[in-house]
Amino acid sequence: QVHLVESGGGLVQTGDSLRLSCGASGMIAMGWFRQAPGKAREFVASISYGGTLKRYGEAVKGRFRVSKDTDTSIVYLQMNNLKPEDTAVYYCAARRAVSGAIYTREEEYTFWGQGTQVTVSS
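What comes next concerns the included structure. (Residues numbered from 1 in each chain as written. Predicted model: local features only at pLDDT ≥ 70, side-chain atom pairs only at ≥ 80, totals over all residues. Heavy atoms only, no water.)

1. Observations regarding the overall build of the chain
- Across its full length, the chain holds zero helices and eleven strands.
- From first element to last, N terminus to C terminus, the chain shows the α and β order β-β-β-β-β-β-β-β-β-β-β.
- Here the C-alpha radius of gyration of the chain, 13 Å, is about what a compact globule of 122 residues would show, namely 14 Å.
- Across its three principal directions, the C-alpha atoms of the chain cover 40 × 25 × 25 Å.
- When each of the 122 residues of the chain is scored for burial, the buried share is 46%.
- Across the chain, every contact between residues at least 6 apart in sequence was considered, and the portion connecting residues at least 24 apart equals 59%. (Helix = DSSP H or I, 4+ residues; strand = E, 2+ residues; numbered from the N terminus. Rg over C-alpha atoms; globule rule 2.2 N^0.38 Å. Buried < 20%, exposed > 50% of the residue type's maximum accessible area, 1.4 Å probe, protein only. Contact = heavy atoms within 4.5 Å.)

Here you go:
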């Protein structure tokens, strides 16, 4: 069983930055998804088990950055230049993985965090 612990959400203004974190252990690949009210869950970013492979959703490319501290197994989502359309509940997801594998689809993930609210005011 993988237990995910998220933190870092909050209320910010347009153009501000936030950093989300998600702690987990084990040989896992991790991803971030978000869901705005009335919308489907959307892929944000993912990172491979070793931290060398990264993928981003089109809406966040160039503004968000995913990273992993391999010593602590904490994954970070650095969100810069936030926009009101980034407002959503952000979820951390994880799955068992082998080195070199990366996953971008919701159905590929097994374990999910409780979600953290990010609100960007205009």
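Alright, that's what it looks like, and here's the rest.
2. Remarks on the environment of alanine 94
- Within the element layout of this structure, alanine 94 appears in strand S9 (residues 88-96).
- Sequence separation between alanine 94 and serine 25 is 69 residues; the distance between their C-alpha atoms is 9.7 Å.
- With near-sequence residues (within four places) excluded, alanine 94 lies in contact with Val2, Leu4, Ile28, Ala29, Met30, Tyr109, Thr110 and Phe111.

3. What to know about the state of the cysteines
- Applying the stated criterion across every chain yields a total of one disulfide.
- Two residues share a disulfide in this structure: cysteine 22 and cysteine 92, whose sulfurs sit 2.0 Å from each other. A torsion of -80° about the S-S bond marks the disulfide between cysteine 22 and cysteine 92 as left-handed. Linking cysteine 22 in strand S3 (residues 18-23) with cysteine 92 in strand S9, this pair joins segments that are 70 residues apart in sequence. (Disulfide = S-S within 2.5 Å.)

4. Regarding the pattern of salt bridges
- According to the stated counting rule, one finds seven salt bridges in the structure shown.
- Between aspartate 86 and arginine 34 there is a salt bridge, with the nearest N and O atoms lying 2.8 Å from each other. Residue aspartate 86 is located in the loop between strand S8 (74-79) and S9, and its partner arginine 34 is located in strand S4 (residues 28-35); the two are separated by 52 residues in the primary sequence. Per residue, the accessibility class of aspartate 86 equals that of arginine 34, and both read buried.
- A salt bridge links arginine 63 to aspartate 86; the shortest N-O distance between them is 2.7 Å. A residue pair is termed long-range when its members are at least 10 positions apart, and arginine 63 in the loop between strand S6 (54-56) and strand S7 (64-69) and aspartate 86 in the loop between S8 and S9 qualify at 23 residues. (Salt bridge = Lys/Arg side-chain N within 4 Å of Asp/Glu carboxyl O.)

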